[in-house]
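Here are the chains, one letter per residue:
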Amino acid sequence: MEQGPPGASGPAEPGPCLSARRGAEPAASASSLRAAPAQPGSHPIAVAAVLPAGGCGERMGVPTPKQFCPVLERPLISYTLQALERVYWIKDIVVAVTRENMGVMRDIIHKYQHERISLVEAGETRHRSIFNGLKALAKDQPDSQLSKPEVVIIHDAVRPFVEEDVLFNIVTAAKEHGAAGAIRPLVSTVISPSADGCLDHSLERARHRASEMPQAFQFNVIFEAYQQCSDHDLEFGTECLHLALKYSHTKAKLVEGSPDLWKVTYKRDLYAAESIIKERISHEICVVMDPKEDEEPVESLLKALKNELNDVKIESGELCQAGRDIQQSRLAECYNFVCMNETWKLLNMLEESNLSILYPVVVISVNFSDLKLVPLSQKMESLMWIRQSAKEMKKRNILLYGLIIDYSQGEQKLRDSLREGAIIIAALIKERSSGLVGQLMVA
């Protein structure tokens with residue numbers, strides 16, 4: 001078994017520090033805006049998680065196991081690990097991975113700065129992989145530094161969107177009942193065919209539920225169940241809750257799960273996952289101001305942006321010279337920057353930070369220009385550095401684009417130009433297109 005570095009609460013996400021726009025009230029840090037999660041139960045519970053990640057992804061139809069398939073150029077399993085790492089009361093996360101993919105998994109842990117991760121070798125089946133993870137937590141592995149938890153979560157490596165409140169509810173129920181699992185309403189009616197391929201009977205959909213992950217168990221309940229498991233169950237079984245019932249005589253509490261608990265199974269699911277992640281990281285935009293910039297066009301663009309993106313939080317401010325610790329910043333998880341003539345400074349600060357490790361960061365350099373005074377060709381030539389720098393920035397997962405807004409027009413045309421600029425900005429942030437990186441657009 002291999003252990004990753006100990007950690008506190010998951011990957012650090014430091015980014016640039018901004019001062020409030022003059023006249024604005026200081027805002028709280030993003031981390032302080034989130035309510036601190038409650039500890040399950042009336043006293044601290046030792047909680048660990050086991051992720052079987054030894055599958056080959058036959059249904060995906062691609063040579064790469066689905067847990068390692070890239071989503072926004074980052075392996076799917078990394079998103080699942082991040083979701084668990086964010087829950088501070090999960091002490092250890094044990095990942096069961098095949099011997100041939102052990103090196104790949106180590107590289108993922110290192111590159112994306114995952115913490116509290118231990119690796120064990122996967123078994124030939126899902127249940128054997130889970131059993132290996134449980135044995136590591138039970139101190140049945142040599143040189144193990146893991147401690148046996150009171151409650152263990154079992155989750156799928158390819159369900160990246162599990163939220164803390166779901167984990168909390170499952171763990172709390174498992175502590176009380178011995179076992180608990182997430183369920184969802186059935187989408188389709190389940191039928192049973194006869195031996196000749198004809199309909200035998202169907203189940204009443206309203207009375208049945210789909211079993212989902214995560215599931216949680218008092219550790220002794222599930223470990224003893226696996227120790228008594230038949231070879232047939234280890235080879236062909238799929239339901240951990242059933243093992244707890246069959247071998248430990250523990251009836252699981254069923255907890256209603258959220259719609260986001262679906263499992264990435266087919267190739268099309270990767271596109272759906274990418275779409276969800278893009279939408280989640282597009283909810284905040286940071287507009288970086290230049291104190292020397294004329295306020296009128298900037299304020300007009302902000303207004304147009306807010307009209308175009310009425311469901312997106314838009315913050316504005318000036319770059320700080322000091323205090324770059326992300327814990328001091330009010331934009332801890334902002335991955336979208338619209339920059340007014342401060343682009344170089346922002347890019348340098350982003351390069352020094354770890355903000356772009358987990359998600360691609362969009363930087364749009366906006367330039368207001370009177371194209372009657374400065375020809376477009378001359379203005380674009382002065383901004384060629386954007387095209388030249390974009391390729392290097394892309395290596396650091398920073399997507400750099402350029403936008404010129406003509407500020408020489410009449411009032412109505414100017415409003416149209418600003419609205420067009422806002423539409424371009426919104427599209428670049430939502431799509432995060434690597435094909436447009438380095439392009440100079442004109443509104």
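Residues numbered from 1 in each chain as written. Predicted model: local features only at pLDDT ≥ 70, side-chain atom pairs only at ≥ 80, totals over all residues. Heavy atoms only, no water.

This part takes up the nonpolar core. Counting 109 residues, the largest nonpolar core has I90, V95, M105 and V366 as its most contacted members. Counting residues per element, this core draws most heavily on helix 14 (residues 411-431), which supplies 8 residues. Once you skip the residues sitting within four places of it in the chain, M105 turns out to touch F68, I77, L81, V95, V97 and L119. With 31 residues, the next largest nonpolar core counts V94, L137, V221 and I222 among its residues. (Core = buried A, V, L, I, M, F, W, Y, C linked by side-chain atoms within 4.5 Å. Buried < 20%, exposed > 50% of the residue type's maximum accessible area, 1.4 Å probe, protein only. Helix = DSSP H or I, 4+ residues; strand = E, 2+ residues; numbered from the N terminus. Contact = heavy atoms within 4.5 Å.)

Here we take up the pattern of salt bridges. One pass over the structure, following the stated rule, counts 17 salt bridges. A salt bridge links K313 to E315; the shortest N-O distance between them is 3.3 Å. With a shortest N-O distance of 3.1 Å, R415 and E411 are connected by a salt bridge. Within this pair, R415 and its partner E411 are both found in helix 14, separated by 4 residues, close to a single helical turn. (Salt bridge = Lys/Arg side-chain N within 4 Å of Asp/Glu carboxyl O.)

Let us look at the pairing of strand 17 (residues 361-369). Of all 9 residues in strand 17, 9 are buried; the element is thus mostly enclosed. In strand 17, alternate side chains face the same way, and those of V361, V363, S365, N367 and S369 on one face and V362, I364, V366 and F368 on the other are all buried. Relative to strand 17, strand 16 (residues 336-340) is paired through 5 bridges, and the arrangement is parallel. Across the sheet, F337 pairs through a bridge with V363, a residue of strand 17. Taken together, strand 16, helix 11 (residues 343-352) and strand 17 form a β-α-β motif whose crossover is right-handed. Here 9 bridges tie strand 17 to strand 18 (residues 398-406), and the two strands are oriented parallel to one another. Paired with V361 across the strands is I398, a residue of strand 18. (Pairing = 2+ DSSP bridges. Right-handed = clockwise from strand over helix to strand, strands pointing away.)

P214 follows M213 through a cis peptide bond whose omega is 10 degrees. Its identity as a non-glycine residue notwithstanding, L72 has a phi of 55 degrees, on the positive side. Structurally, L72 is set in the loop between strand 4 (70-71) and strand 5 (74-75). Residue L72 is classed as buried on the basis of its relative accessible area, which comes to 14%. Look at E73: it is not a glycine, yet its phi comes out positive at around 65 degrees. By secondary structure assignment, the location of E73 is in the loop between strand 4 and strand 5.

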